Amino acid sequence: MATKTIQQILPPAPPHMVGDGFRVHNFFPSGYNMDQQRMSPFFLLDYNAKIDFPGRDTPRGVGVHPHRGFETVTISYHGKVAHHDSYGNSGTIGEGDVQWMTAGSGVLHKEYHDAEYSRTGGPFQMVQLWVNLPAKDKMTQPKYQAITAAQMGRYQLPGDGGIVEVVAGTFNGVKGPAFTFSPIELYNIRIKKGASATLDLPANFNTGILVVEGAVKANETGVAPADNFILFNNDGENISLYAEEDSVLLVLSGEPINEPIAAYGPFLMNTHEELQQAYDDLRKGKFGVLED
Ligand code: MN
């Protein structure tokens, strides 16, 4: 099998605020003007690199906003976030947990720091991924998968080298709990300094690795430090990883959806007409009601 070679190691682009609670570096599509299809089925990667929020009584966050046509996947590394939506759903995720929200036909929601975390403040580190839905599933009923750290598939690396937490897909026979609408592999690799791991992913899958902590050498060539994103070419299956330090790596890999993309603001559809429909439906109250 051939090596999936590195296209580029991307340092974090300048951060911007999402509401007042998320200070994010965008890696795609806008951060590096990447083609909207380049990482399909992943459309967006926002990374809140580790920062300290001072404690306060009123939780920081982002107010009521809609989504339609895709999924938001929120991964917590430090700190806790809560959400509420227009269907009465709510939940909180903490360190090591993942919230997989299928917006589908549409929700209004708000995302903010958990009240308890907000009061104490402290380290905060999160990822939000936008996962596109195939055209046939864009208007699916909204749903949630709250996936706690304890529910992840767990693969022990040889020689006490660390652990692979499988969120979605399968790593060395260990399955992740997330239901996905298209083939997706999503793992957190918690690897110790000096340990190695090997990934075997289909050549056509769009693939990247976010270095959440530590530093990793990929394919015996490029060393990527913390907060960098390794973008891989679609030229092979194998990636070898060597941990230069104790590291946490978020691996994302998926089969491209290969359908037209019409994206605007919080909507991710296939055509301009569907975007207009989304704004019409929002105005007519079809996304429900949620108080700020
Ligand atoms: Mn949102």
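Okay, so let's go over this structure.

Cut-offs applied
Every chain begins its residue count from 1, and numbering advances along the sequence as written. Given that this is a predicted model, residues contribute local features only at a pLDDT of at least 70 and side-chain atom pairs are listed and counted only at 80 or more, while totals for whole chains, interfaces and linings are drawn from all residues. Computation of side-chain values: all heavy atoms of the structure, hydrogens and water removed. Any carboxyl oxygen of Asp or Glu within 4 Å of a side-chain nitrogen of Lys or Arg constitutes a salt bridge here. Only DSSP runs of H or I reaching four residues or more are called helices, and only runs of E reaching two or more are called strands; each is numbered from the N terminus. Buried residues are those whose accessible area, probed at 1.4 Å on protein chains only, stays under 20% of the maximum for their type, while exposed residues exceed 50% and partly exposed ones sit between those limits. A residue counts as positive if it is Lys or Arg and as negative if it is Asp or Glu; His and the chain ends are not included. Under this definition, polar contacts are N or O atom pairs within 3.5 Å; protein pairs additionally need one hydrogen-donor-capable and one acceptor-capable atom, and for neighbouring residues in sequence, both atoms have to be side-chain atoms. Contacts are assigned to residue pairs that have any heavy atoms within 4.5 Å of one another.

**What about the pattern of salt bridges?**
This structure, assessed with the given rule, holds 10 salt bridges. With a closest N to O distance of 3.8 Å, R154 and E165 form a salt bridge. On the criterion of sequence distance, the pair formed by R154 in strand β13 (residues 153-157) and E165 in strand β14 (residues 162-168) is long-range, its members being 11 residues apart. Under the relative-accessibility criterion, R154 is labelled partly exposed at 46%. Between K192 and D160 there is a salt bridge, with the nearest N and O atoms lying 3.3 Å from each other.

**A short note on the side chain of D85**
Tracing the chain through its elements places D85 in strand β7 (residues 81-85). No salt bridge is formed by the buried D85; its nearest oppositely charged neighbour, K110, is found at 11 Å. A distance of 2.8 Å separates a polar atom in the side chain of D85 from the backbone nitrogen of Y87. Among the polar contacts made by the side chain of D85, one reaches the side chain of Y144 at a distance of 2.3 Å. With residues up to four places along the chain from it excluded, the contact list for D85 reads V107, L108, H109, Y144 and L290.

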